[in-house]
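Coordinate inspection notes
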Amino acid sequence: MTRHAAIDAGPPHAATVVSRVQESPTIFTLRLRLDDPAAQAAFRFAPGQFNMLYLYGVGEVPVSIMSDPEEHGIIGHTIRAIGRVTRGLSALQPGDRVGLRGPFGRGWPLQDLGGNDVVLVTGGLGCAPAVSVIHYVLRRRARFGRLVIIQGVKHADDLIWHMQYEQWAKLPDTQVLVAASQGAAFWPWHVGRVTELFGLARFNPARAVAMLCGPEGMMRAAAESLLGRGLPEAHLYLSMERNMQCGVGRCGHCQFGGAFVCQNGPVFNWAEVRDLLGHRGF
Amino acid sequence: MFNETEHTVFLPHDRLAGLLAAIRAGGWQCVGPRVEQGAIVMAPLAESEGLPRGLQADQAPGQYRLGADAKQRYFAWANGPQALKPLVFAPQETLWRVARGTDGALTFEAAVPDAPKRAVIGVRACDLAALALQDAHFLRKGWDDVHYAARRAQLFLVAVQCAVPAATCFCASTGDGPTPGMGYDLALAELDAGFVVVAGSAAGRAVLQQLDLAAATPAQIGAAREQGDAAAAAQTRRLPGRDLRDTLMARLKHPQWDAVAARCLACGSCTAVCPTCFCHAEHEAPALDGASSHHAREWDSCFGETHGHLHGFNVRPDIRTRYRQWLTHKLAGWHDQFGRSGCVGCGRCIAWCPAGIDFTAEVAALTGAPDVKEA
Ligand SMILES: Cc1cc2nc3c(=O)[nH]c(=O)nc-3n(C[C@H](O)[C@H](O)[C@H](O)COP(=O)(O)OP(=O)(O)OC[C@H]3O[C@@H](n4cnc5c(N)ncnc54)[C@H](O)[C@@H]3O)c2cc1C
Ligand code: SF4
Ligand code: SF4
Ligand code: FES
């Protein structure tokens with residue numbers, strides 16, 4: 001992974017909110033531009049990498065980059081407002097300023113998928129990094145085999161981009177499986193656990209790459225099911241989340257066994273994390 | 001020290017002040033041992049101030065007491081609660097500042113670290129080993145921590161061989177002491193009449209040259225070497241191996257984790273005194289006028305409530321998982337991260353644990369007993 005020495009340990013670089021979209025009652029998307037045009041022009045990332053976003057006077061949080069890596073003028077983040085920093089970020093309007101450091105970590109292995117089927121499994125609200133992969137694949141459709149999107153949410157209202165899921169489901173060689181533990185009126189998808197859907201997924205296990213993100217229990221269940229269907233371990237990736245203070249492998253908060261999630265991850269190959277994942281406490 | 005190619009000199013006790021003066025003349029401010037609240041701490045030394053003499057540090061689980069050294073030596077105390085860590089990785093420091101203009105524009109500015117030229121007198125072999133580990137963490141190629149790097153570059157290290165290890169010391173078993181091996185500017189081995197001294201850097205040689213000292217005799221060098229061997233042999237605590245990674249990671253469900261959790265207060269003293277722990281939290285301190293803010297870091301501990309905080313979920317909700325994080329990070333995770341264990345055998349976490357938890361005893365219980373408990 002290439003490092004961008006100019007934007008790393010700090011201080012952050014000033015960026016301006018170019019647009020803000022409310023995606024659901026608590027989820028919003030900010031599109032940002034670095035104030036320094038040269039820094040913006042030089043900003044390159046891979047889907048799955050993240051930035052540390054700084055809210056003036058409050059603090060920094062890690063957030064995945066969800067815009068397209070080839071859209072050079074903009075850096076997009078989809079964020080759920082849950083705590084001090086993210087609620088404050090949700091109050092920002094176009095023209096407001098934030099600080100940004102990044103991109104950090106290792107992203108999804110999208111470069112070397114060579115015609116494989118892509119199976120994406122996401123749960124909870126860990127949807128932003130997965131949606132960036134969906135967009136990435138759809139914009140470069142010929143490079144990939146089938147696209148299988150498996151998404152679990154707690155409540156039907158938590159599924160943002162409803163229309164998009166319905167549109168994706170109509171595309172050729174694309175399968176969309178969505179489950180909500182609690183449904184709602186006119187909920188077109190499955191009601192129940194997302195793990196109940198794995199059996200319905202159609203892909204060639206020998207020629208597929210699976211990417212998981214979301215709660216660890218869900219990722220373990222998904223991994224078990226996918227490996228059980230013959231997916232090679234080497235083709236299974238997942239994105240991990242840990243407390244992050246620095247993003248540059250220094251503060252120690254994101255450690256997962258011997259790994260610094262901010263540097264060695266957040267995307268890991270299954271074999272790298274398999275042994276520790278079942279142990280509460282790491 | 002005691003490498004055949006090194007030039008070894010002898011510094012009589014009454015010329016120790018001359019050594020400090022030569023160091024000061026080189027522009028370094030001296031930091032060295034001083035007695036404070038019943039313990040040896042490392043503090044800036046005033047020019048008129050002598051070093052404490054005739055003290056030993058009696059240490060046991062949960063105990064640190066200064067006692068008398070019959071030989072009236074300067075460095076018979078094994079160590080105090082601090083190592084070099086606070087001098088390079090500051091307990092608290094501002095990383096950057098930001099100003100907000102009336103138009104909302106943000107201007108960020110890196111904080112310039114305070115990095116005086118400092119000479120540390122009385123650095124132990126374990127401290128040098130711990131410093132090498134902190135260097136590996138904070139100074140990664142092309143990725144230096146500028147605050148750490150600035151202070152690190154200004155250090156002049158005067159190491160001493162430990163002739164009187166504390167009962168809590170186990171550096172011989174980790175391979176890090178008691179005789180300094182590398183990484184010093186000057187290394188001293190104290191005998192009853194003075195010090196056998198070697199230089200380990202050009203800066204160290206330059207300081208020694210000013211003193212015009214006689215070469216150490218073969219008898220003096222032999223005595224110093226023997227005293228190091230005896231100090232190693234006198235250590236009773238030990239770790240059962242230098243690479244316990246796989247052994248410990250195979251015992252994550254061992255009942256000993258529950259046993260130690262029942263005694264551990266999760267106070268974080270061990271991580272604060274441990275010379276290799278590097279965790280820190282970052283926080284924001286906005287100025288009252290709303291026009292600026294500064295972003296600081298502060299030592300943090302994996303025993304704290306917030307270390308594993310994720311919104312709505314704590315990765316390590318209980319003391320069992322926190323103690324296990326501490327011990328497995330030291331003795332397993334460090335191997336993955338830096339190619340060796342993160343413990344240099346200084347024994348500080350044993351002496352400064354208010355519950356008297358003995359790191360080596362915990363490791364013995366974990367590695368000696370079968371892994372029987374299932375979660
Ligand atoms: C690699 C990575 C990518 C992420 N991508 C996204 C994303 O695209 N969209 C999104 O909405 N959220 C994302 N998150 C989660 C997001 O970082 C947290 O929701 C956020 O830190 C919560 O901060 P807060 O101050 O609002 O909440 P509080 O609960 O007040 O948190 C206090 C502090 O704890 C830490 N913290 C709390 N929760 C988390 C967490 N889940 N992960 C890391 N640190 C945490 C932060 O330092 C935070 O400031 C990601 C997390 C990681 C590690
Ligand atoms: S774990 Fe204990 S004995 Fe080992 S280096 Fe840290 S404080 Fe010293
Ligand atoms: S995780 Fe714990 S043991 Fe490891 S460096 Fe941080 S405070 Fe020390
Ligand atoms: S976020 Fe600080 S070490 Fe990973």
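Everything quoted here is computed from the prediction, not taken from an experiment.

**Some words on the overall build of chain B**
On a plain count of helices and strands, chain B comes out with 13 helices and 15 strands. Against the globule reference of 21 Å for 375 residues, chain B gives a C-alpha radius of gyration of 22 Å, in line with a compact fold. If one aligns the C-alpha atoms of chain B with their principal axes, the spans along those axes are about 65 × 65 × 40 Å. Across the 375 residues in chain B, those meeting the buried criterion constitute 55%. Summarising the internal contacts of chain B: among those between residues at least 6 apart in sequence, 72% fall at separations of at least 24.

**Side note on the pattern of salt bridges**
Counted by the stated rule, this structure contains 27 salt bridges over all chains. A salt bridge links R152(B) to D135(B); the nearest nitrogen and oxygen atoms lie 2.9 Å apart. Here the residue R152(B) occupies a position in helix α4 (residues 146–152), and D135(B) occupies one in helix α3 (residues 125–138), the gap between them amounting to 17 residues. Several salt bridges converge on common partners, so that one network encompasses R250(A), E93(B), D145(B), R151(B) and R297(B).

**Here we look at the site of ligand 3**
Around ligand 3, the neighbouring residues are Q255(A), T271(B), C277(B), F278(B), C279(B), S301(B), C302(B), Q325(B), W326(B), H329(B), K330(B) and W334(B). Chains contributing residues near ligand 3 are chains A and B. Counting atoms within 2 Å of the grid points, the majority share of ligand 3 lands in the second largest cavity. Among the elements that line the shell around ligand 3, the one with the most residues is helix α11 (residues 319–338) of chain B, at five residues.

**Considering the sheet that holds strand β11 (residues 194–199) of chain B**
All names here are of chain B. Taken together, seven strands build an open sheet; the order of strands is β1-β11-β10-β9-β8-β2-β3 and the sheet is mixed. Strand pairing shows two members of the sheet lacking a second neighbour, β1 (8–12) and β3 (39–44), which therefore form its edges. Neighbour to neighbour, the strand axes of the sheet diverge by 30° on average, direction disregarded. Pairing of strand β10 (residues 186–190) with β11 involves five bridges; the strand directions are antiparallel. Counterpart to L188 in the pairing with β11 is V197.

**A short note on the environment of G99(A)**
Assignment of secondary structure puts G99(A) in strand β6 (residues 97–104). The spacing of G99(A) and L53(A) is 46 residues in sequence and 5.8 Å in space, taken between C-alpha atoms. Not counting chain neighbours up to four residues away, the residues in contact with G99(A) comprise P12(A), H13(A), M52(A), L53(A), Y54(A), L106(B) and F108(B).

**Notes on the site of ligand 1**
Contacts to ligand 1 come from 23 residues, most closely from P62(A), R80(A), T86(A), E241(A) and H311(B). One of the backbone N or O atoms of P62(A) is found 2.7 Å from an oxygen atom in ligand 1. Within the contact set of ligand 1, a nitrogen atom lies 2.8 Å away from a backbone nitrogen or oxygen of H311(B). For ligand 1, whose accessible area on its own is 820 Å², the fraction buried by protein is 86%. Elements with a minimum of two residues in the shell around ligand 1: β4 (59–64), β5 (75–80) and α2 (84–90) of chain A together with β14 (309–310) of chain B. For the shell around ligand 1, the leading source of residues is β4(A), giving four residues. Of the residues belonging to the shell around ligand 1, the class tally is eleven nonpolar, eight polar and four charged.

**A closer look at α3(B)**
All names here are of chain B. For α3, which comprises 14 residues, the first-to-last C-alpha distance of 20 Å matches the rise-based estimate of 20 Å (1.5 Å per residue) to within 8%. With respect to burial, α3 is a largely interior element, twelve of its 14 residues being buried. Among all positions in α3, only A125, C126, D127, L128, A129, A130, L131, L133, Q134, D135, H137 and F138 are buried.

**Description of the interface of chain B and chain A**
In this complex, chain B contributes 51 residues to the contact, which on the side of chain A involves 39 residues. Counting the surface lost from both chain B and chain A, the interface buries some 3700 Å², and carbon and sulfur atoms represent 57% of this. At the boundary of chain B and chain A, one finds two salt bridges. Note that D318(B) and R280(A) form a salt bridge whose closest N and O atoms lie 3.0 Å from each other. Summed over the shared surface of chain B and chain A, the number is 20 residue pairs in polar contact (both at pLDDT 80 or more). Within the residue set of the side of chain B that touches chain A, elements represented by two or more residues are β6 (92–100), β7 (106–110), α3, β12 (280–286), β13 (292–299), β14 and α11 of chain B. Taken together, the residues that form the side of chain B that touches chain A break down as 18 nonpolar, 18 polar and 15 charged.

**Points about the packing of aromatic side chains**
Residue and element names in this part refer to chain B. Taken as a whole and judged by the stated rule, the model has 23 aromatic pairs over all chains. On the basis of an interplanar angle of 45° and a centroid distance of 4.9 Å, the ring pair of F89 and F138 is categorised as tilted. Here F138 lies in helix α3 and F89 lies in the loop between α2 (85–88) and β6, a separation of 49 residues in the sequence. Note on accessibility: F89 and F138 belong to one class, buried. Of the aromatic side chains, those joined through ring pairs into one cluster are W257, F303, Y323, W326 and F359.

What counts as what
Throughout, residues of each chain are indexed from 1 in the direction in which the sequence is written. Labels follow written order: the first chain is A, the first ligand is 1, and so on. Two thresholds apply to this predicted model, a pLDDT of at least 70 for residue-level local features and 80 or more for giving and counting side-chain atom pairs, whereas whole-chain, interface and lining totals are computed over all residues. Calculation of side-chain values draws on the structure's entire complement of heavy atoms; hydrogens and water are dropped beforehand. Elements are defined by DSSP. Helices are runs of H or I of four residues or more, strands are runs of E of two residues or more, and each kind is numbered from the N terminus. Only the C-alpha atoms count toward the radius of gyration. The rule for a globule is 2.2 Å times the residue count to the power 0.38. Buried means the residue's accessible area, taken with a 1.4 Å probe over protein chains only, is under 20% of the maximum for its type, while exposed means over 50%, and partly exposed covers the values in between. Residue contacts are defined here by distance: any two heavy atoms, one from each residue, within 4.5 Å place the two residues in contact. One speaks of a salt bridge when a side-chain nitrogen belonging to Lys or Arg is within 4 Å of a carboxyl oxygen belonging to Asp or Glu. Throughout this document, a residue counts as near a molecule or strand when at least one of its heavy atoms sits within 4 Å of that molecule or strand. Here a cavity denotes grid points, spaced 1 Å and computed from the protein atoms alone, that fit a 1.4 Å probe unable to get out, and a pocket denotes an open set having protein on both sides within 12 Å along at least 5 of 7 lines; residues with an atom within 4 Å of a point are the lining. Being in a pocket or cavity means that more than half of the molecule's atoms lie within 2 Å of its grid points. Whether two strands pair depends on DSSP finding at least two bridges between them. In this analysis, axes come from line fits to C-alpha atoms, helices being fitted only over the stretch in contact, and the angle between any two N-to-C directions falls in the range 0 to 180 degrees. Polar contact criterion, stated in full: a pair of N or O atoms within 3.5 Å, where within protein one must be able to donate a hydrogen and the other to accept it, and residues adjacent in sequence count only if both atoms are side-chain atoms. Values of accessible area rely on a 1.4 Å probe in the Shrake-Rupley scheme; residue burial ignores everything except the protein chains shown. Any residue outside Ala, Val, Leu, Ile, Met, Phe, Trp, Tyr, Cys, Pro, Asp, Glu, Lys and Arg is labelled polar, Gly included; the first ten of those are nonpolar and the last four are charged. Between the first and last residue of a helix there are one fewer steps than residues, each counted as 1.5 Å, and that sum is the expected span. Computed with a 1.4 Å rolling probe, the buried area is the accessible surface lost when two parts are put together, summed over both parts. A pair of aromatic rings is counted whenever rings of Phe, Tyr or Trp (Trp by its six-membered ring) have centres within 6.5 Å, and the orientation is called stacked for planes under 30 degrees apart, edge-to-face for over 60 and tilted otherwise.

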